[in-house]
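The chain contents come next:
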Amino acid sequence: MKLSNIKIKSKLHLLSSILLIFTVFIGIFGYIQLKISNDNMESMYNNKLNAINWLNDNRNQARAIEADMYYIILYPDDKDKQNEKMKDIEKRRKMFDDNFQNYKKVELDTYEEDMITTIENDLSKYREGRNEILKLALEGKQKEALEKNEDIKDVANNFQANLKELALHTVKEADEINELNNENYKKITLIFLISIAVSIIVGYLMSKIITKNIVKPLDISVNYLDILSSGDFTSEVPIELKREKMK
């Protein structure tokens, strides 16, 4: 169907509909892209930044437990302080376990899952040795406690190093997500600007075409009315007016 064969009212509806479609498209596109960016940021916060905090806090808790343990070994006569340190060790152990359980609930890749298994194995060996050391220290067997501490030093260093490596790996993943978000932002901005430009161009061209199809019959009508006002009733009604009347 030719545009000239459509009623003026329908032409205006067509123009409005086209502009509305482009507006809705841009709005939906913007919403979808914003949601994707928001989901990525939530993922980075929940799965990466929190994970980094838990892992780094566990490294701090492990170091603090080691310091408490050394105090208990080196000061066998200070029973009150030893009991205080034992309570602190238990409190920090619980914090360590809570952090690690929270970390294990986030989305993990294969490397992280394998590293968790390694850390848990080393941690189990370390805690078993640590309990023996503390038992010896509380019994006043300082020399035996120090010797046992040397025996588990490598295990302690391994699980500490693995905690650090796991934290660095998570930091790297967070950086990758952030870089991906920046790239997506640039792409989204470009696509959004192109969509707006296309909408403006199409809207302008359509408005020009439709306006032309509206104005032309009006000009013909005005010219015909001028002829009639001059007293000339012999002129035929222009075909465009007949067509408009028949629609």
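Residues numbered from 1 in each chain as written. Predicted model: local features only at pLDDT ≥ 70, side-chain atom pairs only at ≥ 80, totals over all residues. Heavy atoms only, no water.

1. Side note on the packing of aromatic side chains
Aromatic ring pairs are defined here through the distance separating the ring centres and the angle between the ring planes.
Moving on, step 1. In this structure the tally under the stated criterion is five aromatic pairs.
Moving on, step 2. These aromatic residues form a ring-pair network of at least three members: Phe96, Phe100, Tyr103, Tyr126 and Phe159.
Moving on, step 3. In this structure, lysine 85 packs its charged tip against the face of tyrosine 71, placed 5.3 Å from the ring centre. (Phe/Tyr/Trp six-rings, centres within 6.5 Å; stacked < 30°, edge-to-face > 60°. Lys NZ or Arg CZ within 6 Å of the ring centre and 35° of its normal.)

2. Quick word on the nonpolar core
Moving on, step 1. If you look at the biggest cluster of nonpolar residues, it comprises 29 residues, and the most contacted ones within it are Leu55, Tyr103, Ile119, Tyr126, Phe159, Leu163 and Leu166.
Moving on, step 2. Those elements that provide at least two residues to this core are α1 (8–74), α2 (79–104), α3 (110–138) and α5 (153–229).
Moving on, step 3. Among the elements that take part in this core, α3 stands out by supplying nine residues, more than any other.
Moving on, step 4. Beyond its immediate chain neighbours, meaning those up to four positions away, isoleucine 119 contacts Phe100, Phe159, Asn162, Leu163 and Leu166. (Core = buried A, V, L, I, M, F, W, Y, C linked by side-chain atoms within 4.5 Å. Buried < 20%, exposed > 50% of the residue type's maximum accessible area, 1.4 Å probe, protein only. Helix = DSSP H or I, 4+ residues; strand = E, 2+ residues; numbered from the N terminus. Contact = heavy atoms within 4.5 Å.)

3. Quick notes on the packing of α2 against α3
Moving on, step 1. One can describe the packing of α2 onto α3 by two numbers: an axis separation of 13 Å at closest approach and a directional angle of 170°. One way to sum up the angle between α2 and α3 is to call them roughly antiparallel. For the pair α2 and α3, contact is made by Lys79, Gln82, Met86, Ile89, Arg93, Phe96, Asp97, Phe100, Tyr103 and Lys104 and by Glu112, Ile116, Ile119, Glu120, Leu123, Arg127, Arg130, Leu134, Ala137 and Leu138, respectively.
Moving on, step 2. Tallied by class, residues from the contact of α2 with α3 come to 11 nonpolar, one polar and eight charged. (Axes fitted to C-alpha atoms, helices over the stretch in contact; angles between N-to-C directions. Parallel < 35°, antiparallel > 145°, perpendicular 65-115°, else oblique. Nonpolar A, V, L, I, M, F, W, Y, C, P; charged D, E, K, R; others polar.)

4. Observations concerning a negative patch on the surface
Moving on, step 1. A cluster of acidic residues, Asp175, Glu176, Glu179 and Glu183, forms a negative patch on the protein surface.
Moving on, step 2. For glutamate 176, the location among the structural elements is in helix α5. (Patch = residues over 30% accessible without salt bridge, like charges linked within 9 Å, V, L, I, M, F, W, Y side chains within 5 Å. Areas by Shrake-Rupley, 256 points an atom, 1.4 Å probe, with all protein chains shown as cover. Salt bridge = Lys/Arg side-chain N within 4 Å of Asp/Glu carboxyl O. Lys, Arg positive; Asp, Glu negative; His and termini not counted. Charge placed at Lys NZ, Arg CZ, Asp CG, Glu CD.)

5. Structural notes on empty space enclosed by the protein
Moving on, step 1. Within the structure shown, the criterion is met by one cavity of 30 Å³ or more.
Moving on, step 2. Considered as a void within the structure, the largest cavity measures approximately 70 Å³ in volume.
Moving on, step 3. Surrounding the largest cavity, Ala62, Ile65, Glu66, Phe96, Leu123, Tyr126, Arg127, Arg130, Phe159 and Gln160 form its lining.
Moving on, step 4. Looking at the lining of the largest cavity, the elements that each hand over two or more residues are α1, α3 and α5.
Moving on, step 5. Per element, the largest residue contribution to the lining of the largest cavity is four residues, and it comes from α3.
Moving on, step 6. Along the lines of polarity and charge, the residues of the lining of the largest cavity split into six nonpolar, one polar and three charged. (1 Å grid on protein atoms, 1.4 Å probe; cavity = no way out; pocket = protein on both sides within 12 Å on 5 of 7 lines; lining within 4 Å. Points joined across faces, edges and corners; volume = space filled by probe spheres on them.)

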